[in-house]
Amino acid sequence: MSEPFSVRVTVRGYETDVQGHLNQAVYLNYAEHARWSLLQAAGISQARLVGRGVGPVALETTIRYRRELLAGDEVDVSCAFEWGGGKTFRIRQEIRKADGTLAAELTAVGGMLNLAERKLLPDPRKIFKDLATDLDLFGL
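About the thresholds
Residue numbers run consecutively from 1 along every chain, following the written order of its sequence. Two thresholds apply to this predicted model, a pLDDT of at least 70 for residue-level local features and 80 or more for giving and counting side-chain atom pairs, whereas whole-chain, interface and lining totals are computed over all residues. Values shown for side chains rest on all heavy atoms present in the structure; no hydrogens or waters enter the calculation. Only protein chains enter the accessibility calculation, which uses a 1.4 Å probe. A residue is then buried if its area is under 20% of the maximum for its type, exposed if over 50%, and partly exposed in between. By definition, any uninterrupted DSSP run of H or I lasting at least four residues is a helix, any uninterrupted run of E lasting at least two residues is a strand, and each is numbered from the N terminus. This arc is taken over the directions from the axis of the helix to the C-beta atoms. For Phe, Tyr and Trp, rings pair up if their centres lie within 6.5 Å, where Trp contributes its six-membered ring, and each pair is then called stacked (planes under 30 degrees apart), edge-to-face (over 60) or tilted (otherwise).

The name given to the chain in an unreviewed UniProt entry is Acyl-CoA thioesterase, and the organism recorded there is Streptomyces albidocamelliae.

All right, on to helix α3 (residues 124–131) then. Note: α-helices contain 3.6 residues per turn, so residues at a spacing of three or four share the same orientation. Every buried residue belonging to α3 is among P124, I127, F128 and L131, and all of these are buried. The buried residues of α3 occupy an angular sector of 95° when the element is viewed end-on, so they sit on one face.

So, about the packing of aromatic side chains. Under the criterion given, the structure shown has 9 aromatic pairs. Between F89 and F128, the ring centres sit 5.7 Å apart and the planes meet at 85°, which makes this aromatic pair edge-to-face. Taken as a pair, F89 in strand β4 (residues 88–97) and F128 in helix α3 lie far apart in primary sequence, 39 residues in all. Given the relative accessible area of 2%, F128 is considered buried. An aromatic cluster is defined as three or more aromatic residues linked by ring pairs; in this entry it consists of F81, W83, F89, F128 and F138.

Structure follows, in structure tokens:
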């Protein structure tokens with residue numbers, strides 16, 4: 001199996017809190033940035049999703065904070081899809097400092113929403129397979 005998709009982000013000073021470490025909500029932004037970066041790398045734009053009448057949705061997210069991040073730290077945010085049966089899938093993500101230190105682990109449950117009906121589609125893999133130009137990024 002290949003390495004998970006990853007993007008590098010530099011922690012910006014305005015993203016830190018009064019303790020000087022990365023604000024908890026920003027971890028979610030970094031995770032979302034990595035997910036959308038993966039979609040783009042796989043050839044799936046927001047415009048293509050909307051044109052198809054679908055959109056990915058987050059149903060649950062869990063974050064485990066392991067080490068603090070400070071302004072100026074460079075981090076790599078990984079993203080790996082895990083497929084089961086049914087309407088949902090999991091996304092496992094890690095945020096690691098440039099030296100490899102694990103700063104946070106995120107697990108998300110997602111689905112693919114029919115934008116007109118506002119209901120989850122029965123097989124989100126099918127949409128990713130139909131739209132993606134690089135299925136390997138999704139583990140498909």
